[in-house]
Amino acid sequence: MLLLVGAASVWGAMAQSFTLTATAPNSAGEAVAYATALLEAEGVGQSGAPIYDVADQAGRIEIEAPKGSYTLVITCIGYDDKRVAVELDKNVELGTLVM
């Protein structure tokens, strides 16, 4: 019985994920449509499949990821990359990240 409770607790911790949202306009305030947003895991031993999203036509980004420390990297041809450190331990709204 104790083993089952412990396994359920570990499963719940592993399944915990959060949503990161942001908007990526250019310096003129126009949406940077279809920019690529990548979450790079921070620290030793944090690896796995890439976690990314492509901004919609309005420049809106929404990424779901497990709890952890990341660097959000937003890229798009013709713009400098935008890098932001992110701690996901709750849902995070980064607001406007000008490219």
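### Section: the overall build of the protein
On a plain count of helices and strands, the protein comes out with one helix and seven strands. Order of helices (α) and strands (β) in the protein, N terminus to C terminus: α-β-β-β-β-β-β-β. A burial count over the protein gives 29% of its 99 residues as buried. For the protein, long-range pairs separated by at least 24 residues make up 58% of all intrachain contacts whose partners lie at least 6 apart in sequence. As displayed, the protein has an accessible area near 6300 Å², and 56% of this comes from carbon and sulfur atoms.

### Brief notes about the nonpolar core
The nonpolar side chains of a soluble globular protein tend to be buried, and buried together. L20, L39, I61, I63, L72, I74 and L88 are the most contacted members of the largest nonpolar core, which has 22 residues in total. Listing elements by their share of this core, those giving two or more residues are β1 (17-23), β2 (36-41), β4 (60-66), β5 (68-75) and β6 (82-88).

### Structural notes on the pairing of β1
Relative to β4, β1 is paired through seven bridges, and the arrangement is antiparallel. Across the sheet, the residue bridging to T21 is E62, located in β4. Summarising the sheet, β1 and strand β7 (residues 92-96) pair through three bridges and their orientation is parallel. Within β7, the residue paired with L20 across the bridge is V92.

### A word on the sheet that holds β4
As summarised here, the arrangement of the three strands in space is β4-β1-β7, forming an open sheet in which the pairing is mixed. Looking at strand neighbours, the two that pair on one side only are β4 and β7, the edges of this open sheet. Within the sheet, the average angular offset between the axes of one strand and its neighbour, ignoring direction, is 15°.

Cut-offs and rules
Residues numbered from 1 in each chain as written. Predicted model: local features only at pLDDT ≥ 70, side-chain atom pairs only at ≥ 80, totals over all residues. Heavy atoms only, no water. Helix = DSSP H or I, 4+ residues; strand = E, 2+ residues; numbered from the N terminus. Buried < 20%, exposed > 50% of the residue type's maximum accessible area, 1.4 Å probe, protein only. Contact = heavy atoms within 4.5 Å. Areas by Shrake-Rupley, 256 points an atom, 1.4 Å probe, with all protein chains shown as cover. Core = buried A, V, L, I, M, F, W, Y, C linked by side-chain atoms within 4.5 Å. Pairing = 2+ DSSP bridges. Axes fitted to C-alpha atoms, helices over the stretch in contact; angles between N-to-C directions.

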